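In case you want the letters, here they are:
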Amino acid sequence: MKWYQRIQIRATIFLIIVVTGIFCFALFFVLSNQINYRINSRMDEISRYAVLVASDIAMNQYIGNTGSSEYYEEVDSMAGFYQDARILVLNDQCRVLKDSANTRRGKTFINDDILTALSGQTTRAVEGIYGRIAVPILDYSDSYVVGVVYVSLSMERQYQEIQNSLDAVVLVLILTWIIICLLIGSVFMLSFKPLAKIRRWLRDVNNGHGEHPPLVRETSEYGAVVKSMDTIIADLKEADTSRKEFVSNVSHELKTPLSSIKVLTESLLLQKGAPEEIYREFLQDINSEIDRESALINDLLSLVRLEDSKSGLNLQMISMNDMAESILKRLQPLADRKQVELILENRGRVEAEVDEMKMTLALSNLVENGIKYNKEGGSVRLKVDSDFADAILTISDTGCGIAEEHFNKIYQRFYRVDKTRDRATGGTGLGLAIVHQIITMHHGSISIRSKEDVGTSFTVRIPLIAVQNAKNLAEKEEKDR
Ligand code: ADP
């Protein structure tokens, strides 16, 4: 990742741009306020003085006189006071009677300001660094305008003063701006620091290590993110390990019957002229290995299909009594071969919303196990019952039983209590995994009670109304209310 793509750099740049904008605006505001204030004060001051001069001239009726300089002492003192102002006194014919600069005296001088003043209005205007003020001079009776006091002035000095005072303001603003930018930068760098740690950790995880998550404050948002990521990574690792284990188990299980078949055929091939009974015996063994292989493949396919259709159940209201009866009927030949009695016990009519095919597969597996792990003359009892919420199916046998330490593990794929014995019974180690998967899909539960050499009893509970429908019904009832 390039440095400018980092979130802290981007956030810092963004905030610095915002702060710079605010500072520029503040600077512009201060500058224009200062200029307006200074210029207006100066114009006000000179205007007041010009009005004084105009009333002095009016009072003393200088305009009617020849216009000799000695009548305009006030003008001279004003000009002396305001060095950068030029003061003219004009009569109503726009003739200059007095000029503080002494160059226009006796000449005619006319402009819009003077004409406005002659109409009786005081005017003032500012253009760049120059200002103009024109004040009418009224006759002694105040009834008509006899002349004009006209002042033109330069405000260069005021601009210079503003410039000097602004230098300091700008310097302070720039220093404050630098400090704020540094603060923003460091705050962002510090607050985004854990992000860099998290990135490094994820890179390590990606490279196959990174067992230890980075140390970030648990109460912060980073803490929550790291915690969730750590859980997800642990789950993924576990899933990966179980996938690898599954693949290696599958390969091993698929290879075993094949190896047996290979050994059997090779030894047959080596025995030249062997009697027919030997051939028959070997071929029977080969046949049962093929059966095992195909049972294994069938179970694997069932499991994979179940994984694929995790959310898809073909739910229908089914009579559990009928289902139990047909399962026992189908397994009767197997039970007969093992000389095991099959007993169906219906404790009332039970109907439940289930996927018929999947539920039949699950219950068949349980009954089949009851037969397989039973002893000659034993029995398997399938009891169909219900309470107000669930269908309850109990499969009890009088077989070899399962020690308690295996209870939690028997639903794992390929788990067998006694490997050699269970393989001899023709099991694949996948039956109970399939049962568990199907019952979980129905939001049901399975529990086990067993005693070695006495027997085993599995109890399956399945909601009478499928959970998804029950939820919808409850929601609908809630809405209707
Ligand atoms: P398998 O195909 O080997 O029977 P399962 O997943 O169905 O595989 O069962 C797992 C293991 O649990 C079996 O290998 C067996 O040891 C034990 N088991 C399952 N059901 C019974 C039972 N009814 N009685 C005794 N042991 C059982």
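That block above? That's the structure.
Parameters at a glance
- Residues numbered from 1 in each chain as written.
- Predicted model: local features only at pLDDT ≥ 70, side-chain atom pairs only at ≥ 80, totals over all residues.
- Heavy atoms only, no water.
- Patch = residues over 30% accessible without salt bridge, like charges linked within 9 Å, V, L, I, M, F, W, Y side chains within 5 Å.
- Areas by Shrake-Rupley, 256 points an atom, 1.4 Å probe, with all protein chains shown as cover.
- Salt bridge = Lys/Arg side-chain N within 4 Å of Asp/Glu carboxyl O.
- Lys, Arg positive; Asp, Glu negative; His and termini not counted.
- Charge placed at Lys NZ, Arg CZ, Asp CG, Glu CD.
- Helix = DSSP H or I, 4+ residues; strand = E, 2+ residues; numbered from the N terminus.
- Buried < 20%, exposed > 50% of the residue type's maximum accessible area, 1.4 Å probe, protein only.
- Pairing = 2+ DSSP bridges.
- Axes fitted to C-alpha atoms, helices over the stretch in contact; angles between N-to-C directions.
- Contact = heavy atoms within 4.5 Å.
- Expected span 1.5 Å × (residues − 1).
- Bend = angle between axes of the 7 residues up to and from the residue.

Before we move on, can you summarise a negative patch on the surface with the specific residues and values?
On the surface, E404, E405, E452 and D453 cluster together to form a negatively charged patch. Within the element layout of this structure, E405 appears in the loop between β10 (390–397) and α10 (419–424). Residue classification places E405 among the exposed positions, given a relative accessible area of 57%.

An account of the pairing of strand β9 (residues 379–386) is needed here, citing residue identities and associated values.
Taken together, the six bridges between strand β7 (residues 341–346) and β9 define a ladder with parallel strand orientation. Looking at the pairing, L342 lines up with V380 of β9. Between β9 and the antiparallel strand that follows it, β10, lie three residues.

Talk me through the sheet that holds β10; I want residue IDs and the actual numbers.
In spatial order, the strands read β7-β9-β10-β12-β11; together these five strands make up an open sheet with mixed pairing. The two strands at the open ends of the sheet, each matched to only one other strand, are β7 and β11 (445–451). Averaged over all pairs of adjacent strands, the angle between strand axes in this sheet comes to 15°, irrespective of strand direction. With seven bridges connecting them, β9 and β10 associate as antiparallel partners. Across the sheet, residue S386 finds its bridge partner in β10, namely A391. This element, helix α8 (residues 320–338), spans β7, β9 and β10 of the sheet and lies at about 175° to β7.

Explain α8 to me, using residue names and the numbers behind them.
Taking 1.5 Å per residue as the helical rise, α8 with its 19 residues ought to reach 27 Å, and the 26 Å between its terminal C-alpha atoms agrees with that figure. Of all the bends in α8, the largest measures some 50° and sits at Q332, one to four residues before the proline P333. Taken as a whole, α8 has its buried residues at M320, N321, M323, A324, I327, L328, L331 and A335. As for α8, its buried residues are in contact with β6 (315–319), β7, β8 (351–355), α9 (356–372), β9 and β10. Downstream of α8 by one or two residues, Q339 has phi in the positive range, about 55°.

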